[in-house]
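Commentary on secondary and tertiary structure
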Amino acid sequence: MRGIQRRGAFKLVLFLGSLTAIYGSAINPEGSASPSLVAPWEEHLKEIRPQASPDVQAAAAEGLVKRLLPDRASDFSFSVDPSIGPEGRDTFQVVSPGMNASVDIVGTSGVAAAWGLLHFLKYSCDSHVSWEADQLSLPDSLPEAKIQITSNDRFRYYQNVCTVSYSMAWWKWSRWEREIDWMALNGINMPLAFTGQEAIWQRVYSKLGVTQEELDDHFAGPAFLAWGRMGNIFGWGGPLPQSWHEQTLSLQHQILQRMRDFGMYPVLPAFAGHVPAGLTRVYPEANITRLGPWSHFNCTYSCTYLLDPNDPLFQEIGSKFIEEMTSEFGTDHLYNCDTFNEMTPQSSDSAYLRSVGASVFSAMTKADPNAIWVMQGWLFYNAAWFWQKPEAEALLTSVPIGRMLVLDLASEMAPQYSRLESYFGQPFIFCMLHDYGGVDGFFGNVDGLLSNMMEARAFPNVTIVGTGLTPEGINQNYVMYDLMNELAWRTTAPNITDWAKSYSSRRYNSADTKLQEAWQLLMRSVYDCKSFLRYHGKNVIIMQRPRLNPRHFIWYSVDDVVKAWDLFIEATLVVYGRSDGFGTAEQYGSDSETEKAISQGQELSESQEFLEEELQEHKEKEEEVEDEEVGQSVSTDTERSSLHDSNKSTGSSMKKCREKAVTRPAGTLPREDISVQNKASMTSHSRGEGNMQKSDFSGAIPGSLRMRAKETDIPMKIKVADESRSRYVAAPRREPTFLHDLVDMTRQVLQILGGQEALRMIGYYHDGDKFGVQLANSDLQSILEDMDSILATSPDFLLGAWTRDAASWATNEQERELYVHNALNQVTIWGPEGQIVDYAGKQWSGLISRYVQPRWKLFSNMLIESLEDGLPFDSNAFEQKVFDEIEEPFSRDVNATFPTEPTGDTIETALLLYAKYRPFFDAAFKVDDSVQEQDDESLEPKSLSTPIPLPSPETGMNKRKRMHSSGTKPTRPRGYSGATKRSKYQVMVKSNLLDDNLKTFQKKTLIRKKDEDSENSIWNSFV
């Protein structure tokens, strides 16, 4: 198949097994390890040990399996024996005799034992555990297995200091318990534990004489605590109620107890020097200075106060905080401190920087002589212009080797250890940051991740002691985190083609080749970004505040993503084998499950009866239109008709379909067996440019059961296949993992379409085309409305769940309003005046319909006003208006209600949207007749700066007319130069499903080429 092969692929050997925990994993000139060298940090790190006894750790693993597999927990036994593996690295052993016998799991710690459980579930039982959903369909008799795995390093770290605010701000114990189980299952033994620290600070500062009113002005709100702790802001979103302190203090006790029961080493906070303004009143002689503003904030909520680390008061406060905290919670001797996170030191003098580091560390050791400073290495990347080698060395070597542990925070993209000589001897953890702001949208750089890991392992005298996950937000792109977690034990890089197939099988409990191929396509495209892309969320056009020059960049083959969508849609129907002696198509468990599938299949079949009539009616209408068009010219309005108007019938069909849906009692047989069969040919009306036939979706389903999408507004028809009557029954796939991914897959496609439609609207404005702006906005509004509808079908994409969880912390109405405002502000304008607007924007139902859509509507209205008045578009006026009328009111509407539970059916909605939007990707390949022949050099794509043309379904074309229906040419705004801002070339999407006769148009079409560099690819050939 085209596009399914990558030439010159090679495996990346990580050398993980051969590089042991010796100093820098040193390699002698002959290439063999030098065991005579001993890492100088080992004498300190070896003191980091589990607090819980082996029996307590084993009991923690047993408790986990009871929560994860309550009906099968008795099939597993756990024990902890630190002697089964090398010191300083976790080991687990799994022995499963098969034959209905118990599976025995032994680990060097409770974490290692839980890690062994997940390994067995993943690779012996094809099961899956993730943030969004689990797939735990175990066979009745657990398979035989004998496994022993040892970690490559001492630590597996988890969390960014921002994660607690972007994703965990409203978690209570039930959600934390689930997350700690997930940590243990994935071998994570070094998690950040920051909850409840404000309650400790309240005690410390109160004893120093700071008033409660001054503390209320100091502490940031619950959704912004991360940046208050780092000294970026103060007070915004506050004040913190006393009930918050009490609840989080209690919660932290539960969190730490469970982490330690598993044998984890929680990382607690330390004093970085940021203090309340009130401290200047109590200690007027102290060396306290105000820092500069942070990230567009003014000094109302920024310009925080920093106590000079060389001031004696720093030692007093720092040590008192750790004493108070460890008295309350105990300690594992690991403390995080980031004095200069996104802040510039007052001096670059090496002596000053060395004294700062020594003072920070001294405040820790004064209270805990065994303290180890855990520092995020973000400052070395974010402010690399300041932290050159002399400055970095001064700070890093101010602490004895091994008493500082650096988190190389974004190693998958921008590792700093190599620039800074492996942190001048300090141990570090190779981390994957990946996500900023917890935004949605497919993204990954799997090639870069594996390449950088290989280079880190082979770096001379490298001081790596672990791997870590440091996303700013979670609950997105789980596939990247699943892969990264495996690098903690893998000794070679996996073949990504094979790994993607295995991931698909585990995630869906299915060997469906369609889903496997879909993941292969995604992993080689959207998850293989080769550009240096720091904030991928900023390139999602629809989630940005509208403007004439939106940031946009598509680093992947849209064709691959759309093809993956095709395959997901095909996979919505599962063919179940009837256990009646006739064989099976895809056997799923017991007879009762088959009967359930039959019932589900009938439910979908009944809801489709009406659509059969709609299909015939639509076909007749098409034939009438074709007859009328013979010998007639195509009017401007017809060629430029709105996507929204042309698909009004879709909403009607959806409504009628829901009204006619019939649910059969479980276990009752349908009147007919079910299959998918094409009903009509899929011919795009190309208006003289050749017909486009979408290739048949022939699957591997026996009995000639086939699925095919029609290029109309009628979803796929499910009907009888007589030849399979006695053998198979089809039903919609209902695994929670699949439903989540089907929503996410559809969301990604609509994200692309919405962005391109926004660019088209802006292009029409630059062309002076008011009618075009109106049509493009109508299309965009339809896309956003449909995006909201598909997101609403999943519990994982609901704004209402976020605000509900925020409100759950309140003990009175005033607190509820405070918490809900925090929740709404963070995911929208992020600050009192939109200082970091849209940085943490989520593609959630409720947020799309009531925040994103109105912004684009206002934008289009003001574009039209600009054209009508003949004046240039006033961007400043728009920004003020959209803030005053939409953004700020939305963030303060604490009484707004949003659904907290899913509404609508995921599969039904996805099928309807697929039928509505899929044809446009094929039609987009058609060539704009304004494009002229150019030489090959001029056709080389420079960037994806122009929109994918979205032709109307009636015409199948993208002719941009500049005439209104009246036939008059629109005027351009005054001050407009007259030169079009739209490229004369269109960035097109070429579909794998197009007929060969369209290949002749390729020279007139800019098609994004995939990187075929055989020297830098991890890809083996697709088969």
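Residues numbered from 1 in each chain as written. Predicted model: local features only at pLDDT ≥ 70, side-chain atom pairs only at ≥ 80, totals over all residues. Heavy atoms only, no water.

1. Some remarks on the overall build of the protein
- A count of helices and strands for the protein gives 32 helices and 23 strands.
- Buried positions account for 62% of the 1023 residues belonging to the protein.
- A separation threshold of at least 6 residues defines the contact pool for the protein, and within that pool the share at least 24 residues apart is 79%.
- As displayed, the protein offers around 37200 Å² of accessible surface, 48% of which is attributable to carbon and sulfur atoms. (Helix = DSSP H or I, 4+ residues; strand = E, 2+ residues; numbered from the N terminus. Buried < 20%, exposed > 50% of the residue type's maximum accessible area, 1.4 Å probe, protein only. Contact = heavy atoms within 4.5 Å. Areas by Shrake-Rupley, 256 points an atom, 1.4 Å probe, with all protein chains shown as cover.)

2. As for helix 5 (residues 173-185)
- Taking 1.5 Å of rise per residue, the 13 residues of helix 5 would be expected to cover 18 Å, and the 18 Å separating its terminal C-alpha atoms lies within 8% of that figure.
- Phi turns positive, to about 80 degrees, at G187, one or two residues after helix 5. (Expected span 1.5 Å × (residues − 1).)

3. Quick look at the packing of helix 20 (residues 558-570) against helix 26 (residues 736-766)
- Packing of helix 20 against helix 26 leaves a shortest axis separation of 10 Å and a crossing angle of 145 degrees. As helix 20 runs across helix 26, the sense of the crossing is left-handed. Counted together, V558, V561, A564, W565, F568 and I569 of helix 20 and F738, D741, L742, M745, T746, Q748, V749 and I752 of helix 26 form the full contact between these two elements.
- For the contact of helix 20 with helix 26, the per-class residue count stands at 11 nonpolar, 2 polar and 1 charged. (Axes fitted to C-alpha atoms, helices over the stretch in contact; angles between N-to-C directions. Left-handed = near helix turned anticlockwise from the far one by under 90°. Nonpolar A, V, L, I, M, F, W, Y, C, P; charged D, E, K, R; others polar.)

4. Focus on the state of the cysteines
- Applying the stated criterion to the full structure yields 1 disulfide.
- One disulfide bridge connects C299 with C303, the sulfur atoms lying 1.9 Å from each other. Measuring handedness by torsion sign, the sulfur bridge of C299 and C303 sits at about -60 degrees and is left-handed.
- Overall, C299 belongs to the partly exposed group, its relative accessible area being 39%.
- Accessibility expressed as a relative area gives 3% for C303, which makes it buried. (Disulfide = S-S within 2.5 Å.)

5. So, the packing of helix 28 (residues 799-807) against helix 29 (residues 813-826)
- Packing of helix 28 against helix 29 leaves a shortest axis separation of 8 Å and a crossing angle of 145 degrees. The handedness of the crossing between helix 28 and helix 29 is right-handed. Contacts from L799, W802, T803, A806 and A807 of helix 28 reach helix 29 at R816, Y819, V820, A823, L824 and Q826.
- Residues belonging to the contact of helix 28 with helix 29 are distributed by class as follows: 8 nonpolar, 2 polar and 1 charged.

6. Comments concerning the pattern of salt bridges
- The final tally for this structure, using the stated rule, is 44 salt bridges.
- Residues joined by salt bridges that share partners form a network here, namely K122, D482, E486, R490 and R506. (Salt bridge = Lys/Arg side-chain N within 4 Å of Asp/Glu carboxyl O.)

7. As for the sheet that holds strand 6 (residues 145-150)
- Across the sheet, 4 strands lie side by side as 1-3-2-6; this open sheet has mixed pairing. Of all the strands in the sheet, just strand 1 (76-80) and strand 6 have a single pairing partner and so form its edges. Pairs of neighbouring strands in the sheet enclose a mean axial angle of 10 degrees, with direction left out of account.
- Relative to strand 6, strand 2 (residues 91-96) runs antiparallel, the two sharing 6 bridges. Each bridged residue has a counterpart across the sheet, and for T91 the counterpart in strand 6 is T150. (Pairing = 2+ DSSP bridges.)

8. A short note on the sheet that holds strand 11 (residues 288-290)
- Strand order in the open sheet made by the 3 strands is 10-12-11, with antiparallel pairing throughout. In this open sheet, the two strands that pair with only one neighbour each are strand 10 (274-275) and strand 11.

9. Thoughts on the packing of aromatic side chains
- Tallying each qualifying case throughout the model produces 58 aromatic pairs.
- A ring pair is formed by W227 and W830, whose centres lie 4.9 Å apart and whose planes are at 75 degrees; its orientation type is edge-to-face. Of the two residues, W227 sits in helix 8 (residues 225-229) while W830 sits in the loop between helix 29 and helix 30 (847-869), which places them 603 residues apart along the sequence. An identical accessibility class is assigned to W227 and W830; each is buried.
- Centre to centre, the rings of F873 and F878 are 6.0 Å apart; their planes meet at 45 degrees, and the pair counts as tilted.
- A relative accessible area of 1% places F878 in the buried class.
- In this structure an aromatic cluster arises from ring pairing among Y166, F224, W227, W236, W294, F297, Y301, W830 and Y839. (Phe/Tyr/Trp six-rings, centres within 6.5 Å; stacked < 30°, edge-to-face > 60°.)

10. Examining the pairing of strand 14 (residues 372-376)
- Of all 5 residues making up strand 14, 5 are buried, and the element is well covered by its neighbours.
- Neither face of strand 14 is open: one carries I372, V374 and Q376, the other W373 and M375, and all of them are buried.
- Where strand 13 (residues 334-336) meets strand 14, 3 bridges bridge the pair, whose relative direction is parallel. Opposite L334, over in strand 14, you have I372 as the bridge partner.
- Handedness of the strand 13-helix 12 (residues 350-367)-strand 14 crossover: right-handed.
- Here strand 14 pairs with strand 15 (residues 404-408) via 4 bridges, running parallel. By the bridge assignment, V374 is partnered in strand 15 with L405. (Right-handed = clockwise from strand over helix to strand, strands pointing away.)

11. Re the environment of L69
- Turning to its location among the elements, L69 is positioned in the loop between helix 2 (54-68) and strand 1.
- On the basis of relative accessibility, which here comes to 5%, the residue L69 falls in the buried class.
- Not counting residues up to four positions away in its chain, the partners in contact with L69 are F76, L121, L136 and L138.

12. Brief notes about unusual backbone geometry
- Going from G238 to P239, the amide bond is cis rather than trans, its omega being 5 degrees.
- As for its position among the elements, P239 is in the loop between helix 8 and helix 9 (242-261).
- A positive phi is found at H333, a non-glycine position, where the angle reads about 75 degrees.
- Along the chain, H333 turns up in the loop between helix 11 (312-329) and strand 13.
- Despite not being glycine, E342 has its phi angle at roughly 55 degrees, a positive value.

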